[in-house]
Amino acid sequence: MKSEIAGMLIQRALEARKNSYAPYSGYLVGAALLAEDGTVYTGVNVENASYPAGICAERTALSKAVSEGRRHFKAIAVVGGRREESAGCLKEDCTPCGICRQSLAEFCTPDFPVITAKSITDYRIHTLGELLPFSFSLSCP
Ligand code: THU
């Protein structure tokens, strides 16, 4: 993973995070998913008064991409923090929740890079396999 690509994805995730709809938790998340053809699909968390109806930023991005016909991906960047945290300098990494890890595993291999960042220069690259070893899968009948 080249640092320019990581930086570009983090920038897109930070930009997207501004559109997060999180009136209940106050925790704003942005994601940027790079498809194999070079297209970047962004996503935010979209909460709901009926809490379980909310969706995470990563799955928003993934759903947008798959519904546009993309099924092969190179990397994802995720940024998150409370509303009052400034966009370019978040306090902690936001690592994807379990459901998002499983959703990514549907389309991405264990070596898929998951970038978590506090800023454009302060980031870590995990693999999906590290975040979700022994993921569940079913072979299509
Ligand atoms: N959230 C995400 O968008 N992605 C994650 O991987 C972790 C959690 C959202 C869900 C909820 O809207 C808020 O962060 C607080 O849990």
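Up top you'll find the structure we're talking about.
Quick notes on the rules
Residues numbered from 1 in each chain as written. Predicted model: local features only at pLDDT ≥ 70, side-chain atom pairs only at ≥ 80, totals over all residues. Heavy atoms only, no water. Helix = DSSP H or I, 4+ residues; strand = E, 2+ residues; numbered from the N terminus. Expected span 1.5 Å × (residues − 1). Buried < 20%, exposed > 50% of the residue type's maximum accessible area, 1.4 Å probe, protein only. Patch = residues over 30% accessible without salt bridge, like charges linked within 9 Å, V, L, I, M, F, W, Y side chains within 5 Å. Areas by Shrake-Rupley, 256 points an atom, 1.4 Å probe, with all protein chains shown as cover. Salt bridge = Lys/Arg side-chain N within 4 Å of Asp/Glu carboxyl O. Core = buried A, V, L, I, M, F, W, Y, C linked by side-chain atoms within 4.5 Å. Contact = heavy atoms within 4.5 Å. Polar contact = N/O pair within 3.5 Å; in protein donor to acceptor, adjacent residues only side chain to side chain. Phe/Tyr/Trp six-rings, centres within 6.5 Å; stacked < 30°, edge-to-face > 60°.

Q: What is the right way to look at helix 1 (residues 3-17) in this model?
A: Each full turn of the α-helix corresponds to 3.6 residues, which orients residues three or four apart in the same direction. Spanning 15 residues, helix 1 covers 21 Å between terminal C-alpha atoms, matching the ideal 21 Å at 1.5 Å per step. All buried positions along helix 1 are accounted for by Ala6, Gly7, Leu9, Ile10, Ala13, Leu14, Ala16 and Arg17.

Q: Explain a nonpolar patch on the surface here, please?
A: Taken together, the side chains of Tyr21, Tyr24, Val46 and Tyr51 present a nonpolar region at the surface, about 430 Å² in accessible area. Relative to the elements of secondary structure, Val46 occurs in the loop between strand 2 (40-44) and helix 2 (57-67).

Q: Whenever I open this one, the nonpolar core confuses me. Can you help?
A: Buried together is how nonpolar side chains tend to be arranged in soluble globular proteins. With 19 residues, the main nonpolar core has Leu33, Phe73, Ile76, Leu104, Phe112, Val114 and Leu128 as its most contacted residues. Of all the elements in the fold, those that place two or more residues in this core are strand 1 (27-35), helix 2, strand 3 (73-82) and helix 4 (128-131). If near-sequence neighbours (up to four positions away) are discounted, Phe73 is found in contact with Leu33, Leu34, Ala35, Glu36, Leu62, Ala65, Val66, Phe107, Cys108 and Phe112. Within the second largest apolar cluster, 14 residues are counted, among which are Ala6, Ile10, Ala32 and Val79.

Q: Is there a simple way to explain the side chain of Ser119 in this structure?
A: Along the chain, the position of Ser119 falls in the loop between strand 4 (113-117) and strand 5 (123-127). A polar contact of 3.2 Å, which involves the side chain of Ser119, links it to the backbone nitrogen of Asp122. Discounting chain neighbours no more than four positions away, the residues touching Ser119 are Ile10 and Gly88.

Q: Before we go on, may I ask you to explain the packing of aromatic side chains in this structure?
A: In this description, a pair of aromatic rings is defined by centroid distance and the angle of the planes. Enumeration according to the criterion identifies 2 aromatic pairs in this entry. When the ring of Tyr24 is compared with that of Tyr51, the centres are 5.5 Å apart and the planes differ by 45 degrees; the resulting orientation is tilted. Within this pair, whereas Tyr24 is found in the loop between helix 1 and strand 1, its partner Tyr51 is found in the loop between strand 2 and helix 2, the two being separated by 27 residues in sequence. Taking the centre distance of 6.4 Å and the plane angle of 85 degrees together, the rings of Phe73 and Phe107 count as edge-to-face. Taken together, the residues span a long stretch of sequence, with Phe73 in strand 3 and Phe107 in helix 3 (residues 98-107) at a distance of 34 residues. Judged by relative accessible area, Phe107 falls into the partly exposed class, the value being 30%.

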